[in-house]
Amino acid sequence: MNPLPILGKKASDLGVKIGWLSLDKYTPPSASTKYNKIAMNENWHNQEEIPFQLAHELAHIINHDDCEMAFYHASYSSQERIEREANIEAIKLLIPIFKEMGYSNNPVTFMQVFHVPNYLFDNVTKIMKLSK
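Below or above, wherever it landed, is the structure these notes cover. (Residues numbered from 1 in each chain as written. Predicted model: local features only at pLDDT ≥ 70, side-chain atom pairs only at ≥ 80, totals over all residues. Heavy atoms only, no water.)

### Overview of the environment of Pro-51
Reasoning step 1: With respect to the helices and strands, Pro-51 occurs in helix H2 (residues 50-62).
Reasoning step 2: According to the relative accessible area criterion, Pro-51 is buried, its value standing at 11%.
Reasoning step 3: Distance in space between the C-alpha atoms of Pro-51 and Asn-2 is 8.8 Å, their sequence separation being 49 residues. (Helix = DSSP H or I, 4+ residues; strand = E, 2+ residues; numbered from the N terminus. Buried < 20%, exposed > 50% of the residue type's maximum accessible area, 1.4 Å probe, protein only.)

### Quick look at the pattern of salt bridges
Reasoning step 1: What the rule picks out here adds up to two salt bridges.
Reasoning step 2: Between Lys-9 and Asp-13 there is a salt bridge whose closest N-O contact spans 3.1 Å. Of the two residues, Lys-9 and Asp-13 both sit in helix H1 (residues 3-13), four residues apart, roughly one turn of that helix.
Reasoning step 3: The exposure class of Lys-9 is exposed, given its relative accessible area of 51%. (Salt bridge = Lys/Arg side-chain N within 4 Å of Asp/Glu carboxyl O.)

### Some points on the packing of H1 against H2
Reasoning step 1: The geometry of H1 relative to H2 is characterised by a closest axis approach of 10 Å and an angle of 10° between their N-to-C directions. Here H1 lies roughly parallel to H2, going by the angle between them. In this structure, H1 contributes Pro-3, Leu-4, Leu-7, Lys-10 and Ala-11 to the contact, and H2 contributes Ile-50, Pro-51, Leu-54, Ala-55 and Leu-58.
Reasoning step 2: Of the residues in the contact of H1 with H2, the class split is nine nonpolar, no polar and one charged. (Axes fitted to C-alpha atoms, helices over the stretch in contact; angles between N-to-C directions. Parallel < 35°, antiparallel > 145°, perpendicular 65-115°, else oblique. Contact = heavy atoms within 4.5 Å. Nonpolar A, V, L, I, M, F, W, Y, C, P; charged D, E, K, R; others polar.)

### What to know about helix H5 (residues 107-114)
Reasoning step 1: Taken together, the buried positions of H5 are occupied by Pro-107, Phe-110, Met-111 and Phe-114. For H5, the angular spread of the buried residues around the axis is 95°, confining them to a single face.
Reasoning step 2: By the N-cap criterion, in which a side-chain oxygen at the helix start approaches the backbone nitrogen of a residue two or three places on, H5 is capped by Asn-106, the distance to Val-108 being 2.9 Å.
Reasoning step 3: A positive phi of about 50° marks His-115, the residue just after H5. (Arc of directions from axis to C-beta. Polar contact = N/O pair within 3.5 Å; in protein donor to acceptor, adjacent residues only side chain to side chain.)

### Focus on the sheet that holds strand E3 (residues 37-41)
Reasoning step 1: The three strands are arranged E1-E3-E2 in an open sheet whose pairing can be described as mixed. Each of the sheet's edge strands pairs with one partner strand only, and the pair in question is strand E1 (17-21) and strand E2 (30-32). Recorded for the sheet is a direction-independent mean angle of 20° between the axes of neighbouring strands.
Reasoning step 2: In this sheet, E3 lies alongside E2 in antiparallel orientation, the contact comprising three bridges. (Pairing = 2+ DSSP bridges.)

### Let's talk about the packing of H5 against helix H6 (residues 121-130)
Reasoning step 1: At a minimum axis separation of 9 Å, H5 and H6 run at an interaxial angle of 120°. Compared by their axis directions, H5 and H6 come out oblique. You can see that H5 and H6 cross each other, and the crossing is right-handed. Where H5 abuts H6, its residues Pro-107, Val-108, Phe-110 and Met-111 lie against Phe-121, Val-124, Thr-125 and Met-128.
Reasoning step 2: The residue inventory of the contact of H5 with H6, partitioned by class, reads seven nonpolar, one polar and no charged. (Left-handed = near helix turned anticlockwise from the far one by under 90°.)

Put into structure tokens, the structure is as follows:
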């Protein structure tokens, strides 16, 4: 099961448009809460990371983050908080998909399937325990 169509439907249900752009392989995706749009890089160097990236960008919109201003005018701690909260929301978006894919509640497997960065292990474990 490919998680991208499920995330795409979730975005569509929220009125969020996703643009798949042909960019340099290291250009990261971005979200705009002002325009309710997500720009994804279809050429990303690690294709397996794309579902988590899309969930993360969708999370910025769900969280009503001021993405346009966050990185230019926010303090480091403010940026860090926004990114942490987007990661947490992305994990929450992906857990039901993970279960639909037939996996059991296993944080390590979840992180491998969605290529979630290792520093989020404690978050994944905590959220999975709450989602049983």
